[in-house]
Amino acid sequence: MNPAPFRALARVVPAAALLLVMTACTDDSPPPSASSAASSSEPASPHASTTSAATTPTGRTTAMNIRLTLDGHHIAATLNDSPTARDFAAQLPMTLSLRDLNQAEKVADLPRKLSTSGAPEGADPEVGDLAYYAPWNQLATYYRDAPYATGLVILGHMADGGAERLATAEEITIEAAP
């Protein structure tokens, strides 16, 4: 009996078995989207039944519709689906006094610190953004362009027209959208 064919077979079988195992463990299905992953692995917001996640023109995911009142004018806004934004939403409704900062944003002290679990190190805000500035425990709302800031967490965005009203506002009321 010739042992050569058995030696060749002894080399091929383990390689074929390894290839089979690796192929079986490979998942060719597309990764879940951010909104489906968040909805299945994280607890839903108390407002999740009335709103659904959407994407703004800037690509930021939103999860909750809110209403801002600036000098008696109602402005629509949305909060994103982040732990910090959900923690902020849990404090609503609230009315805050605004102070101007750098002729670009209005800031207000929040009643308590927000969770920054999983938040990025900082953010580059856009006009109309609502953000949390963690080092000072402040809500920051932008009516002009501002640079990247370490410790800034974007919470959401105002609808068109909100930033213009914000520039002169001295008080803001924030509540869940009716």
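These numbers come from a predicted model, not from an experiment.

J.: Explain the nonpolar core to me, using residue names and the numbers behind them.
T.: Residues I66, L68, L79, F88 and I174 are the most contacted members of the largest nonpolar core, which totals 29 residues. At the level of elements, β3 (64-70), β4 (73-79), α3 (83-89), β5 (94-97), β9 (129-133), β12 (152-158), α4 (162-166) and β13 (171-176) are the ones that each hand at least two residues to this core. Per element, the largest residue contribution to this core is four residues, and it comes from β3. Those residues in contact with I174 that sit more than four places away from it in its chain are I66, R67, L68, F88, L92, P93, M94, L96 and L139. One finds A131, Y142, L152 and I154 within the second-largest nonpolar core, a separate group that totals eight residues.

J.: So what's going on with the pattern of salt bridges? Residues and values would help.
T.: Inspection of every chain in the model, using the stated rule, returns four salt bridges. Among the salt bridges present, the one from D87 reaches R112, with a minimum N-O distance of 2.7 Å. In this pair, D87 is assigned in helix α3 and R112 in the loop between β7 (105-109) and β8 (122-123), connecting sequence segments 25 residues apart. Under the relative-accessibility criterion, D87 is labelled buried at 17%. Taking relative accessible area as the criterion, R112 reaches 37% and is therefore assigned partly exposed.

J.: Can you tell me about the sheet that holds β13, naming the residues and giving the values?
T.: Taken together, the nine strands give an open sheet; going across it, the order is β5-β13-β3-β4-β12-β9-β10-β7-β6, and neighbouring strands pair in antiparallel fashion. One side of each edge strand has no neighbouring strand; the edge strands of this open sheet are β5 and β6 (99-101). Taken pair by pair, the neighbouring strands of this sheet meet at an average axis angle of 30°, ignoring direction. Alignment of β7 against strand β10 (residues 138-142), held across five bridges, turns out to be antiparallel. Counterpart to E105 in the pairing with β10 is Y142.

J.: Give me unusual backbone geometry: which residues, what numbers.
T.: Across the junction of L92 and P93, the peptide omega takes the value 0°, indicating a cis bond. The backbone of D71 shows a phi angle near 50°, a positive value even though the residue is not glycine. For D71, the position within the fold is in the loop between β3 and β4. Residue D71 is classed as partly exposed on the basis of its relative accessible area of 47%. Of note in this structure, N102 is not a glycine but carries a positive phi near 60°. Looking at the secondary structure, you find N102 in the loop between β6 and β7. Taking the relative accessible area as the measure of exposure, N102 reaches 64% and is therefore exposed.

J.: Go over the packing of aromatic side chains with me, naming the residues and quoting the values.
T.: Aromatic ring pairs are described here by two measures, namely the spacing of the ring centres and the angle between the planes. Going through the model one piece at a time under the given rule, you end up with one aromatic pair. Seen in terms of ring centroids, Y133 and W136 are 5.2 Å apart; in terms of plane orientation they differ by 85°. Their pairing is edge-to-face. Overall, the relative accessible area of 53% leaves W136 in the exposed class.

J.: Can you break down the pairing of β3 residue by residue, with the values?
T.: Counting buried positions over the seven residues of β3 gives five, a clear majority of the element. Here β3 pairs with β4 via seven bridges, running antiparallel. Bridge pairing links L70 to H73 in β4. Taken together, β3 and the strand that follows it, β4, pair antiparallel across an intervening segment of two residues, in which D71 is found at a positive phi of about 50°. In the sheet, β3 pairs with β13 via five bridges, with the strands oriented antiparallel. When the bridges of β13 are listed, L70 appears paired with I172.

J.: Give a description of the side chain of E105 that names residues and reports values.
T.: Structurally, the position occupied by E105 is in strand β7. With no salt bridge to any partner, buried E105 finds its closest opposite charge in R99, at an N-O distance of 9.5 Å. A polar side-chain atom of E105 sits 3.5 Å from a polar atom in the side chain of Y142. Other than its neighbours up to four places away in sequence, E105 contacts R99, D100, A140, T141, Y142 and Y143.

About the thresholds
- For every chain, the first residue of the written sequence is number 1, and numbering continues from 1 onward in sequence order.
- Residues qualify for local features only when their pLDDT is at least 70, as the model is predicted, and side-chain atom pairs are given and counted only at 80 or more; totals for whole chains, interfaces and linings, by contrast, use all residues.
- Note that water and hydrogens are dropped before the side-chain values are worked out from all heavy atoms of the structure.
- Definition of nonpolar core: a set of buried residues of the types Ala, Val, Leu, Ile, Met, Phe, Trp, Tyr and Cys, connected through side-chain atoms within 4.5 Å.
- Here's how the labels work: a residue is buried when its accessible area is under 20% of the maximum for its type, exposed when over 50%, partly exposed in between, all with a 1.4 Å probe on protein chains only.
- Starting at the N terminus, helices and strands are each numbered in turn, a helix being any DSSP run of H or I of at least four residues and a strand any DSSP run of E of at least two.
- Here a residue-residue contact requires only that any non-hydrogen atoms of the pair lie within 4.5 Å.
- We count a salt bridge whenever a side-chain nitrogen from Lys or Arg sits within 4 Å of a carboxyl oxygen from Asp or Glu.
- Only strands that DSSP links by at least two bridges are regarded as paired with each other.
- Note on definitions: angles span 0 to 180 degrees between N-to-C directions of axes, and those axes are lines fitted to C-alpha atoms, for helices only across the stretch in contact.
- Each Phe, Tyr or Trp ring (for Trp, its six-membered ring) is paired with any other whose centre lies within 6.5 Å, and the angle between the two planes then decides the class: stacked below 30 degrees, edge-to-face above 60, tilted in between.
- In this tally Asp and Glu are treated as negative and Lys and Arg as positive; neither His nor the chain ends contributes.
- Any pair of N or O atoms that falls within 3.5 Å is considered a polar contact. Within protein, one atom must be able to donate a hydrogen and the other to accept it, and sequence-neighbouring residues count only if both atoms are side-chain atoms.

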